[in-house]
Every structure is written in C-alpha cells, then in structure tokens.
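# Architecture and fold: a report
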Amino acid sequence: GDHGMYDGEVIVNVQRALENIDQKRVSYSAWTSSDELALYIAHGYDHLSGEDDTSAENAARMRRRELRWLRIARKNGLLEKLI
C-alpha cells in the first residue's frame, strides 16, 4: 500500500475478541485475550496504513507483520492486562 500519512480511527470489537479467544484457547493455550485484542488493533493499523487483505498473499504478509508487532509489544510488556 501507499505508506504516506493517513488520518483515521481504529475501532475494535472487544466483545468479539473475548468470544474468539474462548474458541482459540483450544489450539493456542498461550494466546490470551490481550493478545487477541492487540491483534485486532495491529490489523486495524495495518489497514489504516493502506494495506489490504483482499488476496491470500496480502493477508499472509499482513498477519506476519502483525504477529511481529505483537512479539515486540509482548517483549516490552505492552500486552500485559490489555483486557
């Protein structure tokens, strides 16, 4: 996407994050509700920066970047008790 300056908002559905974490805990026991909410926020900012996930290739690239951001945020204590 175009990596210029953008102005916008990222709105996340906390209730959906809490519902989805219950489903994911079966497969990802270390994945927390804070991780899920942070992923939504990262995904929103990815879109805000001009990225799109309309193709499988773009979606995979976005997810890799988002998970990298989450690893950095977790390492720096930014995900502790987000929810």
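Refer to the preceding data block for the structure.
The text that follows walks through the structure, step by step, so that each part is easy to find. Computed from a predicted structure; not experimentally measured.

Quick notes on the rules
Residue positions are given per chain, counting from 1 as you read along its sequence in written order. Only residues with pLDDT of at least 70 are given local features in this predicted model, and only at 80 or more are side-chain atom pairs given and counted; all residues enter the totals for whole chains, interfaces and linings. Heavy atoms throughout the structure, all of them, feed into the side-chain values; hydrogens and water do not. In this description, a nonpolar core means a group of buried Ala, Val, Leu, Ile, Met, Phe, Trp, Tyr and Cys residues linked to one another through side-chain atoms lying within 4.5 Å. Categorising residues by exposure relies on relative accessible area from a 1.4 Å probe, with only protein chains included: less than 20% of the type maximum marks a residue as buried, more than 50% marks it as exposed, and the intermediate range marks it as partly exposed. Counting from the N terminus, the helices are DSSP H or I runs at least four residues long and the strands are E runs at least two residues long. Here a residue-residue contact requires only that any non-hydrogen atoms of the pair lie within 4.5 Å. A pair is scored as a salt bridge if a Lys or Arg side-chain nitrogen falls within 4 Å of a carboxyl oxygen belonging to Asp or Glu. Residue count minus one, scaled by 1.5 Å, sets the expected span of a helix. A 3.5 Å cut-off defines polar contacts: any pair of N or O atoms within that distance qualifies, except that in protein one atom must be a possible hydrogen donor and the other a possible acceptor, and neighbouring residues in sequence count only when both atoms are side-chain atoms.

Before going further, it helps to spend a moment on the nonpolar core. Considering soluble globular proteins, one finds that nonpolar side chains tend to be buried as a cluster. Counting residues in hydrophobic clusters, the biggest one holds 8 residues: Ile21, Trp31, Ala38, Leu39, Ala42, Leu70, Ala73 and Leu79. Secondary structure elements with two or more residues in this core: α2 (33-48) and α3 (56-75). Counting residues per element, this core draws most heavily on α2, at 3 residues. If we skip the residues at most four places from it in the chain, Ala38 touches Leu70, Leu79 and Leu82.

Time to look at the pattern of salt bridges. As enumerated under the stated definition, the model contains 5 salt bridges in all. The shortest N-O distance in the salt bridge between Glu51 and Arg65 comes to 3.7 Å. Pair noted here: Glu51 is in the loop between α2 and α3 and Arg65 is in helix α3, with a separation of 14 residues, a long-range link. According to the relative accessible area criterion, Glu51 is buried, its value standing at 6%. The exposure class of Arg65 is buried, given its relative accessible area of 17%. In this structure, Arg63 and Glu66 form a salt bridge, with 3.2 Å as the shortest nitrogen-oxygen distance. With Arg63 and Glu66 both in helix α3 and 3 residues apart, this pair spans about one turn of that helix. When its relative accessible area of 1% is taken as the criterion, Glu66 is described as buried. Connected through shared salt-bridge partners, Asp46, Glu51, Arg61 and Arg65 make up one network.

The subject of this paragraph is α2. Along its 16 residues, α2 runs 23 Å from first to last C-alpha, staying within 8% of the 22 Å computed at 1.5 Å per residue. Of the positions making up α2, those classed as buried are Ser33, Ser34, Asp35, Glu36, Leu37, Ala38, Leu39, Tyr40, Ala42, Gly44 and Asp46. Two or three places before Ser34, at the start of α2, stands the capping residue Thr32, its side-chain oxygen 3.3 Å from that residue's backbone nitrogen. Residue Gly50 follows α2 closely and has a positive phi angle near 105°.

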